[in-house]
Amino acid sequence: MLLEESLATVLKKYRSQCNLSQEELAFRCELDRTYISLIERKKRKPTLNVIFNICRNLNIKPSLLVKEIEDLMQQDV
C-alpha cells in the first residue's frame, strides 16, 4: 500500500472512531473541509504541522498514526 493510501485509511479510521465528520475535523483543525477530503482521497500530502494538528484534534499521538501507516505499508512487502 502506498503512503498516501495508508494515510487516508488511518486518518479516516480515527476520524470515524471520534464520530467526526470531515467538516467538523477540519473546523477543529482550522482547515478547509475539502482539504481533509483530499487527504482521505489520496490527493494531498499534508505537512508535519498539519499531521500534528490533526492528531491533536483526534486525541492521538502522531507516533501512533505513523506506526499504523507503516504497518499498512509493510503488508504489501
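Residues numbered from 1 in each chain as written. Predicted model: local features only at pLDDT ≥ 70, side-chain atom pairs only at ≥ 80, totals over all residues. Heavy atoms only, no water.

**Student:** So what about the side chain of arginine 15? Which residues, and what values?
**Tutor:** Secondary-structure assignment places arginine 15 in helix α1 (residues 3-17). In this view, arginine 15 contacts Leu20, Ser21, Gln22, Leu25, Ile36, Glu40 and Leu58; residues no more than four positions away in its chain are not counted. (Helix = DSSP H or I, 4+ residues; strand = E, 2+ residues; numbered from the N terminus. Contact = heavy atoms within 4.5 Å.)

**Student:** Describe in detail the environment of leucine 72, supporting the description with residues and values.
**Tutor:** When you line up the elements, leucine 72 lands in helix α5 (residues 62-74). Judged by relative accessible area, which is 17%, leucine 72 ranks as buried. For the pair formed by leucine 72 and proline 62, sequence separation is ten residues and the distance between their alpha carbons is 16 Å. If near-sequence neighbours (up to four positions away) are discounted, leucine 72 is found in contact with Met1, Ser6, Thr9 and Val10. (Buried < 20%, exposed > 50% of the residue type's maximum accessible area, 1.4 Å probe, protein only.)

**Student:** Before we move on, could you go through the environment of threonine 34 and cite the residues and values that matter?
**Tutor:** Relative to the helices and strands, threonine 34 is located in helix α3 (residues 33-40). Sequence separation between threonine 34 and glutamine 22 is twelve residues; the distance between their C-alpha atoms is 8.1 Å.

**Student:** Describe a positive patch on the surface, and please don't skip the residues or the numbers.
**Tutor:** A surface patch of like charges, here positive, comprises Arg33, Arg41, Lys42 and Lys43. Residue placement: lysine 42 occurs in the loop between α3 and α4 (48-58). Under the relative-accessibility criterion, lysine 42 is labelled partly exposed at 44%. (Patch = residues over 30% accessible without salt bridge, like charges linked within 9 Å, V, L, I, M, F, W, Y side chains within 5 Å. Areas by Shrake-Rupley, 256 points an atom, 1.4 Å probe, with all protein chains shown as cover. Salt bridge = Lys/Arg side-chain N within 4 Å of Asp/Glu carboxyl O. Lys, Arg positive; Asp, Glu negative; His and termini not counted. Charge placed at Lys NZ, Arg CZ, Asp CG, Glu CD.)

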